[in-house]
Each structure stands twice: as C-alpha cells, then as structure tokens.
Amino acid sequence: MQSTKPTHVRYLILLMLFLVTTINYADRATIAIAGSSLQKDLGIDAVTLGYIFSAFGWAYVAGQIPGGWLLDRFGSKKIYALSIFTWSLFTVLQGYVGEFGMSTAIVALFMLRFLVGLAEAPSFPGNARIVAAWFPTAERGTASAIFNSAQYFATVLFAPLMGWIVYTFGWQHVFVVMGSIGIVFSLIWLKVIHSPRQHPMINDAEFKHIAENGGMVDMDQDKGKGKKVDGPKWDYIRQLLTNRMMLGVYLGQYCINGITYFFLTWFPVYLVQERGMTILKAGFIASLPAICGFIGGVLGGVISDYLLRKGHSLTFARKAPIIAGLLVSSSIVACNYVDIEWMVVGFMALAFFGKGVGALGWAVVSDTSPKQIAGLSGGLFNMFGNLASITTPIVIGYIISSTGSFKWALVFVGCNALVAVFSYLVIVGPIKRVVLKEPPMGGPEMNNKLSQAHS
C-alpha cells in the first residue's frame, strides 16, 4: 500500500458482491422459471411443487449458523468461493433429474434443491461481513442496498433468458447453463477477493479512509492459517436472541422474505396459470417488476445514507425507508381487483419497488452486529429471515390447492408487508450496535459472586 490519491478498490469488491448475488438469485429462480413446464413433464400437483420450491429453504435455514461460524473461523474469501462452486454444481445436476422415473425424479429434485440451499447458506452473511470490512459506516446503507438489489437484477437479466431457454430447448437446459456460469465465477472470485489489508490494489489513503470511518478492516486477518479461533459461543447467540431490537429485526426480515419468495417461486406460475401467459411471455413480464425492485432497492440505500449524512439518527435513517417501502409493497393485494394485464403488472411492479426500498435489513445487520461474531450474527439474522423460504412456498401451494386460485395467496403476501411494518414501528426501537457481554469464567456460584461484585 502506498500513500497517494485514494484508490477505490472497495467499489470493485462491491461489484463482485453484486455479481455473485445476481448469480445466487438466478440459481434460486431457475426452479420457478422451469416450474410450470417441469410440473407438466413430471406430472406433479401444486402441493408437491410447493414442497420442491421449499427444499432450498429447509437447508438454507439450517446452514445459516454453521455457515456464519465457518466465515468467522476461516474468512470470507475461501468459504464463499467453495459455496459458489458447490451450489453451482448442484444446480447443473438438477438438469438431469428427468432421466429418472417420476417418483425418483421428484426425490432427486428435492434433494438437489436442498443441497443448493445448504451450499448457499454462507452467501449473505459473507456479503455482510465483506461490506462491514470494506466500507465506512456512512457508506454501508448504499453498499448493502446495492448487493441486495442484485436479487431484482437477477430477474431482470436472467428471467427473459431462462424463459427463452425453457421455451426453446426445454426446462433441463436452464439448470445446466446457470450452474455453469456460477462454476466459472467461483474461479474469478478467488482471484479478485481479498481483505482490505491484504488486497494488492488498495493504497494507504483508501485503507485509512475505511479504517478511520468504521470499517472493520482486520476482520479476516490470519483466518484459516492455523491461528486458534474459538467455536460458536452459545451465550453470544443467547444474548442476540434475548435482545428486543434484534428480535424485531428478525421478524421484519422474515416477513420481507415472505414477499421475496413469492416472486422467486410462485410469481411466474401465477402469470402462466392465473393470467394465461406463455412461459416465454411470463419470463419477460417477470422482469418488469424486477426492474422496479432493483431501482427501489438501490434508492432505499441511497436515501438511508443521505438521511444519515444530513444528521438524522441511524434509527430514523434506516427505519423511514423500510416502513414507507413496505407500506407501498402491500399494494400487491390490488392485483385481485383488476383484470387488465398492464394493471396487474403495474401493481406487481409497484409492490416490488416498495419491497426494494424497504429491504434494508442487511444494512441494519452491518450496523448492529458485534464485530467478534459478524458472520454468526448475519447467519442468525438470515436463518430467521429465510424461514420464509420454507413457509411461503408451502402455504401458497396449499392456498392454491384448496381455493383453486391465487387471490388469497396475494392477500397472504400483502399481510407479510404489514407485519414487517409493525415490527419496525413497535418492536425494534432504537438501532445501535449490540455490545456482547463476555460470559464469566467459572461455575454458577462464581458467576453469582461476579454479578454481586459488579452490582
């Protein structure tokens, strides 16, 4: 590192986070784009498809705490690269389940979706750790919003492509193409990603700017080189789970992800089965709300950091876009009352825009995570949030099976937005970094003596 005009390597790092998250969400969405054709070819009903959609979520949720610990133990670079490679490989393999009989194919597809979820578990905690290491506090809202907005960009970029692949070549090919892209990117990741102190392209001026303004630049120093690092400290997890602010954030993220997983799983099926579109048209139509979600996602972070720079409290700067955006997102229910195609797409776009503005949970995690367990804290947050990846596809599957339409499914999605608003308004309270108490050494008797001494 040399002291000259500041470099901007952190923006290259952010670009890498944006690209990897785009690939991440595109691989999650392959099953949604292929869903209608796959359902017809394999002869499965809506409830079975809902369970297949949910397979990703079961493993993704289960892998959050182990994934967060692995990030804290070995660092973001190696664990994330392994994660990218393995989820991409399992995505490729999904393209070959049609070679089996129907029952075997369904089981194989469920298991491969499960393995994709397990492999992707470290991804978003890894994003949060890298942002916390590379970005000053006043830039984290925008940085977090940009990588989080990649979920919408993935739909914008890949939904038309995947729809065309399914329409032209069959659903099997979409898994092979998307998985291959991820495998190649895992090699690029290893070349480009380093910690701030170790990156060959950064200079002293940028490093000091990051370090002196809240960046946790030494988070990954010496990770995975034989230095002893403690395993998960369960008392730390207990402290997070008994913190009212964090519980409110977890509930809010669960509800926000409920909206996300409707769009990632059932939305293309809704367009085909409820609105009578071809899968090719649905692929292109699905990209329009996603464009609005992308714009809203970036805008939410920019507004939040702008409010922070103007002297507003961290609490107001984060909560205001979240609450306003989610209120707008509840407009998805209006799709039940219109029949004109452009109005349906318009309300979906408005709902996705609002959800994008309000999706600042990862910025809040970067603001609040204790530095000694940044990965574990992000994993815990993502675990609660992605319980929705299990419940949402299944609940909607049962709603469609019992009612024969998507009307109550859209009501369910809209209610998720309103519960998230309640959580941030009533439960979360002031947003601030959690300070963990080190568990006292010794047994309960010693702990009591220490408590009495402190009091």
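Rules and cut-offs
For every chain, the first residue of the written sequence is number 1, and numbering continues from 1 along that sequence. For this predicted model, a pLDDT threshold of at least 70 governs which residues receive local features, and a threshold of 80 or more governs which side-chain atom pairs are given and counted, while totals over whole chains, interfaces and linings are taken from all residues. By convention in this description, side-chain values take in all heavy atoms of the structure and omit both hydrogens and water. Secondary structure elements are taken from DSSP: a helix is a run of H or I of four residues or more, a strand is a run of E of two residues or more, and numbering for both begins at the N terminus. Only protein chains enter the area calculation, which uses a 1.4 Å probe; residues under 20% of their type maximum are buried, those over 50% are exposed, and those in between are partly exposed. Contact definition: two residues touch when any of their heavy atoms are within 4.5 Å. The method behind every accessible area is Shrake-Rupley, applied with a 1.4 Å probe, and residues are considered shielded solely by the protein chains displayed. Counted as positive: Lys and Arg. Counted as negative: Asp and Glu, with His and the chain ends omitted from the count. Where a charge sits is defined by one atom per residue type, namely NZ (Lys), CZ (Arg), CG (Asp) or CD (Glu). To estimate how far a helix should extend, the number of its residues minus one is multiplied by 1.5 Å. Given a residue, its bend is the angle between the two axes fitted to the seven residues that end at it and to the seven that start from it. We define a salt bridge as a contact between a side-chain nitrogen of Lys or Arg and a carboxyl oxygen of Asp or Glu at a distance within 4 Å. The criterion is simple. A nonpolar core is a set of buried Ala, Val, Leu, Ile, Met, Phe, Trp, Tyr and Cys residues joined through side-chain atoms within 4.5 Å. Any two cysteine sulfur atoms within 2.5 Å of one another count as a disulfide. Lines fitted to C-alpha atoms define the axes here, with helix axes fitted over just the stretch in contact, and angles between the N-to-C directions of these axes take values from 0 to 180 degrees. Angle categories are assigned with fixed cut-offs, so that under 35 degrees is roughly parallel, over 145 is roughly antiparallel, 65 to 115 is roughly perpendicular, and the rest are oblique. Whether a crossing is left-handed or right-handed is set by the direction in which the near helix is turned from the far one by less than a right angle, anticlockwise for left-handed and clockwise for right-handed. Residue polarity follows a fixed list, in which Ala, Val, Leu, Ile, Met, Phe, Trp, Tyr, Cys and Pro are nonpolar, Asp, Glu, Lys and Arg are charged, and the others, Gly among them, are polar. Values of pLDDT, which run from 0 to 100, indicate the predictor's confidence residue by residue. A pair of Phe, Tyr and Trp rings is counted when the ring centres sit within 6.5 Å of each other, with Trp represented by its six-membered ring. The angle between the planes then sorts it: under 30 degrees is stacked, over 60 is edge-to-face, the rest tilted. By definition, being over a ring means that NZ of Lys or CZ of Arg is both within 6 Å of the ring centre and within 35 degrees of the ring normal.

### Notes on the overall build of the protein
What the protein contains, in helices and strands, is 19 helices and 0 strands. When the backbone C-alpha atoms are referred to their principal axes, the protein occupies close to 65 × 55 × 45 Å. For the protein, buried positions account for 57% of its 455 residues. Residue pairs at least 24 apart in sequence account for 84% of intrachain contacts in the protein once pairs closer than 6 positions are excluded. On the protein, roughly 18,000 Å² of surface is accessible, and the fraction owed to carbon and sulfur atoms is 68%. Averaging the coordinates of the 33 positive side-chain charges in the protein and doing the same for the 22 negative ones gives two points 6 Å apart.

### So, helix 8 (residues 171-192)
Taking 1.5 Å as the rise per residue, helix 8 with 22 residues should run 32 Å; its terminal C-alpha atoms sit 33 Å apart, in good agreement. Every buried residue of helix 8 is accounted for by Trp171, Val174, Phe175, Met178, Gly179, Gly182, Phe185, Ser186, Trp189 and Val192.

### Remarks on helix 7 (residues 137-169)
Helix length check: helix 7 (33 residues) gives 47 Å between terminal C-alpha atoms against 48 Å at 1.5 Å per residue, within 8%. By the largest-angle criterion, Phe158 marks the main kink of helix 7, which is about 40°, and a proline, Pro160, follows within four residues. Phi turns positive one or two residues past the end of helix 7, at Gly170, with a value near 110°.

### A word on the pattern of salt bridges
On inspection of all chains with the given rule, the structure shows 6 salt bridges. The partner of Arg10 in a salt bridge is Glu206, with the nearest N and O atoms 3.1 Å apart. You can see Arg10 sitting in helix 1 (residues 9-42) and its partner Glu206 sitting in helix 9 (residues 204-211), a full 196 residues away along the chain. Of the residues examined, Glu206 reaches a relative accessible area of 0% and is grouped as buried. Arg318 is paired through a salt bridge with Asp305; the nearest N and O atoms lie 3.2 Å apart. Note that Arg318 is positioned in helix 13 (residues 314-329) and Asp305 in helix 12 (residues 279-309), a separation of 13 residues in sequence.

### Focus on the environment of Lys191
Considering the arrangement of structural elements, one finds Lys191 in helix 8. A relative accessible area of 69% places Lys191 in the exposed class. Between the alpha carbons of Lys191 and Lys77 there is a distance of 9.7 Å; along the sequence they are 114 residues apart.

### Here we look at the nonpolar core
Counting residues in hydrophobic clusters, the biggest one holds 129 residues, and the most contacted among them are Trp134, Trp189, Phe262, Trp266, Tyr270 and Met348. If you tally residues by element for this core, the top one is helix 11 (residues 244-274), at 17 residues. In contact with Met348, not counting residues within four places along its chain, are Phe262, Phe263, Phe267, Tyr270, Pro289, Ile332, Cys335 and Leu410.

### Section: the state of the cysteines
On inspection of all chains with the given rule, the structure shows 0 disulfides. Counting only cysteine sulfurs, Cys292 is the nearest neighbor of Cys335, a cysteine outside any disulfide, at a range of 12 Å. With relative accessibility at 0%, the residue Cys335 sits in the buried group. Free of any disulfide, Cys415 has its nearest neighbouring cysteine sulfur in Cys255, separated by 9.8 Å. We classify Cys415 as partly exposed; its relative accessible area is 41%.

### A closer look at the packing of helix 1 against helix 2 (residues 46-62)
Between helix 1 and helix 2, whose axes approach to 11 Å, the crossing angle comes to 165°. Classified by the angle between their axes, helix 1 and helix 2 sit roughly antiparallel to one another. As for the relative orientation of helix 1 and helix 2, their crossing is right-handed in sense. Within the contact between the two elements, helix 1 uses Arg28, Ile31, Ala32, Gly35 and Gln39 and helix 2 uses Ala46, Leu49, Ile52, Phe53, Phe56 and Tyr60. Looking at side-chain class alone, the contact of helix 1 with helix 2 contains 8 nonpolar, 2 polar and 1 charged residues.

### Re the side chain of Asp305
Residue class for Asp305 comes out buried when judged on its relative accessible area of 0%. Excluding residues within four positions of it along the chain, Asp305 makes contact with Ala138, Glu139, Arg140, Gly141, Thr142 and Arg318.

### Some words on the confidence of the model for the protein
For the protein, the average pLDDT comes to 83, and 91% of its residues sit at 70 or higher. The lowest-confidence element of the protein is helix 19 (residues 444-454), averaging 41 in pLDDT; the highest-confidence one is helix 13, averaging 95. Every residue in residues 442-455 is under pLDDT 50, and counting partners more than four places away or in other chains gives 6 contacts.

### Quick word on the packing of aromatic side chains
The tally for this structure, following the rule as stated, stands at 20 aromatic pairs. Ring centres 5.1 Å apart and planes at 45° place the aromatic pair Phe18 and Phe153 in the tilted group. In this pair, Phe18 sits in helix 1 while Phe153 sits in helix 7, placing the two residues 135 residues apart along the sequence. Phe18 sits in the buried class, given a relative accessible area of 11%. Residue Phe153 is classed as partly exposed on the basis of its relative accessible area, which comes to 25%. With a centroid separation of 3.8 Å and 25° between ring planes, the pair formed by Phe263 and Phe352 is classed as stacked. One end of the pair, Phe263, is in helix 11; the other, Phe352, is in helix 14 (residues 341-358), and 89 residues separate them in sequence. Judged by relative accessible area, which is 8%, Phe263 ranks as buried. Taken together, the ring pairs in this structure connect Phe262, Phe263, Trp266, Phe267, Tyr270, Phe352 and Phe406 into an aromatic cluster. The ring of Tyr60 is capped by Arg28, whose NZ or CZ atom sits 4.6 Å from the centre of that ring. Directly above the aromatic system of Phe74 lies the positively charged group of Arg73, at a separation of 4.6 Å from the ring centroid.

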